[in-house]
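A closer look at the structure
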Amino acid sequence: MEQAPCRCWVEISKRRIAENFAAVREVVGPAVEVMPVVKADAYHHGAVEVSRLLAGQGARWLAVSNVEEGVELRDAGIGVRILVMAGLLGGEWETAVARDLTPVIQSLDELALLERIALRTGRRLAWHLKIDTGLGRLGTRAPSGEILSAIHAAPHTGLEGLMTHLASASDFKESQTQQQLIAFESMFMILAGHGCTPRYLHTASSSAIAYGRRGAWKTMVRPGLSIYGYVSPAEGDPPERLLAVRPALTWKAAVLDVKDVPQGAAIGYGALFRAPRPMRIAVLGAGYADGYPHQLGNRSRVILKGRHAALLGAVSMDLLTVDATGCPDLQPGNAATLLGREGEVAVDAAELALGAGTIAYTVLCGIAARVKKVYV
Ligand SMILES: *Cc1c(COP(=O)(O)O)cnc(C)c1O
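This is a predicted model, so every value here is computed, not measured.

A few words on the environment of asparagine 298. Following the sequence through the fold, asparagine 298 ends up in the loop between strand E13 (279-284) and strand E14 (301-304). Given the relative accessible area of 35%, asparagine 298 is considered partly exposed. Expressed as a C-alpha distance, the spacing of asparagine 298 and arginine 222, which sit 76 residues apart in the sequence, is 37 Å. The residues contacting asparagine 298, other than those within four sequence positions of it, are Leu272, Phe273, Leu311, Leu312 and Gly313. Separated by 2.7 Å, the side chain of asparagine 298 and the backbone nitrogen of glycine 313 make a polar contact.

With their axes 10 Å apart at the nearest point, helix H1 (residues 14-28) and helix H3 (residues 47-56) run at an angle of 50 degrees to one another. Taken together, the axis directions place H1 and H3 in an arrangement best described as oblique. Two packed elements cross with a definite hand, and for H1 against H3 that hand is right-handed. Between H1 and H3, the contacting residues are Lys14, Ile17, Ala18 and Phe21 on the first element and Glu49, Val50, Leu53 and Leu54 on the second. For the contact of H1 with H3, the class distribution of residues is six nonpolar, no polar and two charged.

A few words now on the pattern of salt bridges. Tallied over the entire structure, the rule returns 21 salt bridges. Aspartate 75 is the partner of arginine 99 in a salt bridge, and the nearest nitrogen-oxygen pair spans 2.9 Å. Here aspartate 75 lies in helix H4 (residues 67-75) and arginine 99 lies in the loop between helix H5 (93-98) and strand E5 (101-105), a separation of 24 residues in the sequence. Owing to a relative accessible area of 27%, arginine 99 belongs among the partly exposed residues under this scheme. For aspartate 75, a relative accessible area of 56% gives the class exposed. In this structure, the salt-bridge partner of arginine 280 is aspartate 260, at a minimum N-O distance of 2.9 Å. Taken as a pair, arginine 280 in strand E13 and aspartate 260 in strand E10 (residues 249-261) lie far apart in primary sequence, 20 residues in all. Among the residues examined, arginine 280 registers a relative accessible area of 23% and is labelled partly exposed. Among the charged side chains, a network of salt bridges with common partners joins Arg15, Arg16, Glu19 and Arg246.

Parameters and conventions
- Residues numbered from 1 in each chain as written.
- Predicted model: local features only at pLDDT ≥ 70, side-chain atom pairs only at ≥ 80, totals over all residues.
- Heavy atoms only, no water.
- Helix = DSSP H or I, 4+ residues; strand = E, 2+ residues; numbered from the N terminus.
- Buried < 20%, exposed > 50% of the residue type's maximum accessible area, 1.4 Å probe, protein only.
- Contact = heavy atoms within 4.5 Å.
- Polar contact = N/O pair within 3.5 Å; in protein donor to acceptor, adjacent residues only side chain to side chain.
- Axes fitted to C-alpha atoms, helices over the stretch in contact; angles between N-to-C directions.
- Parallel < 35°, antiparallel > 145°, perpendicular 65-115°, else oblique.
- Left-handed = near helix turned anticlockwise from the far one by under 90°.
- Nonpolar A, V, L, I, M, F, W, Y, C, P; charged D, E, K, R; others polar.
- Salt bridge = Lys/Arg side-chain N within 4 Å of Asp/Glu carboxyl O.

Structure follows, in structure tokens:
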């Protein structure tokens, strides 16, 4: 049985990430640029390692949320284009320009700021414009006339991309996606009618790719979750899924102790679990401080020696207790799988998310920084 190198760690399969990226490219075809999203430390898969890998696999663009994330990639020597999608603070524009990060403009005032920097630096600065077509988050809601005047007032910059973000791409009960795409297309037509034709048009993240919303693909797509091997469940009556991806991350913890408890023994905080019979329990070196959702008390399972083992009682800060009754030869120092696969037996982030009443994104992004990353 595998021995644990530390209390709690994740193993990230570079091959899986490369395969998932290739699968997305295959689905959208060669005419559509694929810009993987590596924000939030690549959904805890390690932004620098993942970006290096994807650039090596031919990604020409990567997307991050903020300037700090972009700077981390530049510091690591990542040379591909990097789009900063989720807004810049006043003091960050200079840094973005200095580090060759391409900003997404969310409101037209920002364009005037970028024009001033372009004049000062003597560089023609590229930018993407995000329009709010119904998500009601970032992005301009200005009418096309105002957008065109702002563009004309910033001649030392270049509109390279027009983007929007979809609110309900995995929801096939509602027509919000169609409405957003109509709004996006009509804005594009007006801009194009005035000679303004950005090279990249992009609206699709993983769900719109996976569920074949081809009308959303345009000339660029922005997959995040699917690069890491997941696709959100759909609502309503989705068409057949086009994209097959597999999880790249396995989450493990050390067995710290194994012991027998009598019938009636209480387990963990609040005595949330009581042994209905004599049991063998194992205590694992992971808890909510590692990102294991506290909501999963009494309602999840891990993998011990290739078999599912139920979580017993509350999730503690640094410890989990599981049922090891079926594993007579389990030893302290062995490794348990919190998320991943051993042979035919699997636990994935979607299962944990369901149990915790959340989404797979938060399970992955919630894995704490203290959990070491090992690349395999
Ligand atoms: C996070 C994000 C994405 C990626 O979304 P996934 O659902 O993870 O594929 C794409 N675009 C924007 C604007 C985002 O914020």
